[in-house]
Amino acid sequence: MSKIKNIGVLTSGGDAPGMNAAIRAVVRAGIYYDLKVTGILRGYEGLINGDFIEMDRKSVANIIQRGGTILKTARSDAFRSKEGRIEAYKQLKKSEIDALIVIGGDGTFTGANLFSAEFDFPVIGLPGTIDNDLEGTDFTIGYDTAINTVINAVDKIRDTAESHDRLFIVEVMGRDSGLIALRSGIGVGAEAIMIPEANMGVDGLVTRLETGRKDKASKIIIVAEGDEMGGAFNVGEVLKEKFPNYDIRVSVLGHIQRGGKPSCMDRVLASRLGVAAVEGIIAQRTSEMAGLKNNEIVFTPFDHAIKHIDAKEITPAWLKLVEILSL
Ligand code: F6P
């Protein structure tokens, strides 16, 4: 591998709070190590279209506190095809970019892994997704902010639930992952948490509600959008039939979970990982994600990072914790 002089940076997939802090760290570390940093707009779409901007110290000033991504993002269909990736490679060569840092989730890393292997091109990833569903890092950038957004919203819903003696079913994000539901559910003291990795089913839910406190009419159930029962409205329909006396309401939190100022945890995580990614590229690493495990920087091959092997907290011990606390 020849000496790296120009690093391209992009954000791809769903935006996540802290992506800007990561971009800032990549740019500042690049400058520190005497490298040129090129911003690529709209993820892999911009890569294919040659939508590039030169980044300097000033272009990342005053962004550490901002949600979203100044580089914009997209879910690119074109990059899934070989033709799209060839086009992307040509654009990189044309602009003399010799390495890439991609910030995103499993879709982003799947594309990066293919691209890096096909063109022998150095790519390092940063975990940027509110879902926290990547191996090789305890937390992804955006997750902490998202779960705090959820608990702030559900605390407010709890006021109405208590005042009206209502049962609320709150749907949170996580198409394939229940990690947002699990942590935020514990954080708000939910009576039940429904997640795709450990389906409790209608019977399990009914039992949980029947065994819970009888003198407490207000209840909160957190449902991950990917749960097998097909979302909060379906759960609501089922419960209305089973518990005709409950006053049931459904609330879908949606994209408020992706927006807003990143928490301090996310800003610091993004800053550490952004610098680590540049240092990884300089050390000639490739096809790996920089993550944080036990507060140490670690690099994990892309194909491992996207595998969802240990499902983090979705373990019997955590599920038991939810059950104990729901009594
Ligand atoms: O991957 C992040 C995420 O917010 C998921 O939790 C959610 O299922 C999905 O993105 C929604 O994506 P979009 O904004 O493209 O509809």
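Residues numbered from 1 in each chain as written. Predicted model: local features only at pLDDT ≥ 70, side-chain atom pairs only at ≥ 80, totals over all residues. Heavy atoms only, no water.

You'll find the chain entered in an unreviewed UniProt entry as ATP-dependent 6-phosphofructokinase, with Pedobacter metabolipauper given as the organism. Note on the chain: under the UniProt heading Subcellular location (unreviewed entry), the record states "Cytoplasm". If you open the UniProt record of the chain and go to Cofactor (unreviewed entry), you find "Mg(2+)". (UniProt positions renumbered as here; feature names shortened; annotations may be inferred.)

Chemist: Would you mind showing me how to read the overall build of the chain here?
Modeler: Broken down by element type, the chain carries 11 helices and 11 strands. When the backbone C-alpha atoms are referred to their principal axes, the chain occupies close to 70 × 35 × 35 Å. Looking at the chain residue by residue over its 327 residues, the buried ones come to 54%. With 39 positive and 44 negative side-chain charges, the chain shows a spacing of 5 Å between the two charge centroids. (Helix = DSSP H or I, 4+ residues; strand = E, 2+ residues; numbered from the N terminus. Buried < 20%, exposed > 50% of the residue type's maximum accessible area, 1.4 Å probe, protein only. Lys, Arg positive; Asp, Glu negative; His and termini not counted. Charge placed at Lys NZ, Arg CZ, Asp CG, Glu CD.)

Chemist: Would you mind showing me how to read the sheet that holds strand β10 (residues 288-293) here?
Modeler: Strand pairing in a sheet takes place through backbone hydrogen bonds and is either antiparallel or parallel in direction. Sheet architecture is open: seven strands sit in the order β3-β2-β1-β4-β5-β10-β11, paired in mixed fashion. Each of the sheet's edge strands pairs with one partner strand only, and the pair in question is β3 (52-55) and β11 (296-301). Strand-to-strand twist in this sheet, taken as the mean axis angle between neighbours without regard to direction, amounts to 30 degrees. Bridging between strand β1 (residues 6-11) and strand β4 (residues 99-104) involves five bridges; their strand directions are parallel. Bridging across to β4, Ile7 finds its partner in Ala99. Of the strands in this sheet, β4, β5 (123-127) and β10 are in contact with helix α4 (residues 106-119), which crosses β4 at around 160 degrees. (Pairing = 2+ DSSP bridges. Axes fitted to C-alpha atoms, helices over the stretch in contact; angles between N-to-C directions. Contact = heavy atoms within 4.5 Å.)

Chemist: How do you make sense of the site of the ligand when you look at a structure like this?
Modeler: Around the ligand lies a shell formed by Arg75, Ile130, Asp131, Met173, Gly174, Arg175, Glu225, His255 and Arg258. Taking Arg75, its side chain carries an N or O atom lying 2.9 Å from an oxygen atom of the ligand. Take Arg258: an N or O atom from its side chain is 2.9 Å from an oxygen atom of the ligand. For the ligand, whose accessible area on its own is 400 Å², the fraction buried by protein is 77%. Grouping the amino acids of the shell around the ligand by side-chain chemistry returns two nonpolar, two polar and five charged. Inspection of the shell around the ligand shows a minimum of three residues originating in each of domain 1 (6-142 + 262-305) and domain 2 (144-258). (Near = heavy atom within 4 Å. Polar contact = N/O pair within 3.5 Å; in protein donor to acceptor, adjacent residues only side chain to side chain. Areas by Shrake-Rupley, 256 points an atom, 1.4 Å probe, with all protein chains shown as cover. Nonpolar A, V, L, I, M, F, W, Y, C, P; charged D, E, K, R; others polar. Domains from an automatic or database assignment.)

Chemist: Would you explain the packing of aromatic side chains in this entry?
Modeler: Any pair of aromatic rings gets described here by the distance separating the centres and the angle formed by the planes. Within the structure shown, the criterion is met by 11 aromatic pairs. Ring geometry for Tyr32 and Tyr33: centres 4.9 Å apart, planes at 85 degrees, overall edge-to-face. Judged by relative accessible area, Tyr33 falls into the partly exposed class, the value being 32%. Here the aromatic residues Tyr44, Phe79, Tyr89, Phe115, Phe119 and Phe121 are joined through ring pairs into a cluster of three or more. (Phe/Tyr/Trp six-rings, centres within 6.5 Å; stacked < 30°, edge-to-face > 60°.)

Chemist: Would you take a moment to explain the side chain of Asn6 for this structure?
Modeler: When you line up the elements, Asn6 lands in strand β1. If sequence neighbours within four positions are ignored, Asn6 has contacts with Lys36, Val37, Thr38, Ser95, Glu96, Ile97, Asp98 and Ala99.

Chemist: Honestly, the packing of helix α3 (residues 82-94) against α4 in this entry has me stumped. Any pointers?
Modeler: The description of two packed helices rests on the angle between their axes and on the distance between the axes. It is the contact of α3 with α4, at a shortest axis distance of 11 Å, that shows an interaxial angle of 65 degrees. Considering the angle they form, α3 stands roughly perpendicular to α4. Considering only the axes of α3 and α4, their crossing is right-handed. Contacts from Lys82, Arg85, Ile86, Ala88, Tyr89 and Leu92 in α3 reach Leu114, Phe115, Glu118 and Phe119 in α4. Per-class residue counts for the contact of α3 with α4 are seven nonpolar, no polar and three charged. (Parallel < 35°, antiparallel > 145°, perpendicular 65-115°, else oblique. Left-handed = near helix turned anticlockwise from the far one by under 90°.)

Chemist: Sorry, what's going on with the environment of Val27 here?
Modeler: By secondary structure assignment, the location of Val27 is in helix α1 (residues 19-32). The exposure class assigned to Val27 is buried, which follows from its relative accessible area of 0%. On a C-alpha basis, the gap between Val27 and Thr110 in space is 24 Å, while along the polypeptide they are 83 residues apart. Excluding anything up to four places from it in sequence, Val27 contacts Val37, Met55, Asp56 and Val60.

Chemist: Hey, could you run me through the UniProt feature "binding site: Mg(2+)" (unreviewed entry) in the chain in this one?
Modeler: Sites flagged by UniProt as "binding site: Mg(2+)" (unreviewed entry) map to Asp106. As for its placement among the helices and strands, Asp106 is situated in helix α4. In this structure Asp106 touches Asp133, Leu134, Ile306 and His308, once residues within four positions along its chain are discounted.

Chemist: Looking at this structure, I do not really get the pairing of strand β6 (residues 166-172). What am I missing?
Modeler: Looking along a regular strand, one sees side chains alternate from face to face of the sheet. The element β6 is largely enclosed, with a buried count of seven among its seven residues. Every second residue of β6 is oriented toward a common face, with Arg166, Phe168, Val170 and Val172 on one face and Leu167, Ile169 and Glu171 on the other, all of them buried. Bridge count between β6 and strand β9 (residues 247-252): six bridges; the pairing is parallel. Residue pairing in the sheet places Glu171 in a bridge with Val252 of β9. Of the pairings in the sheet, the one linking β6 to strand β8 (residues 219-224) comprises six bridges and is parallel in character.

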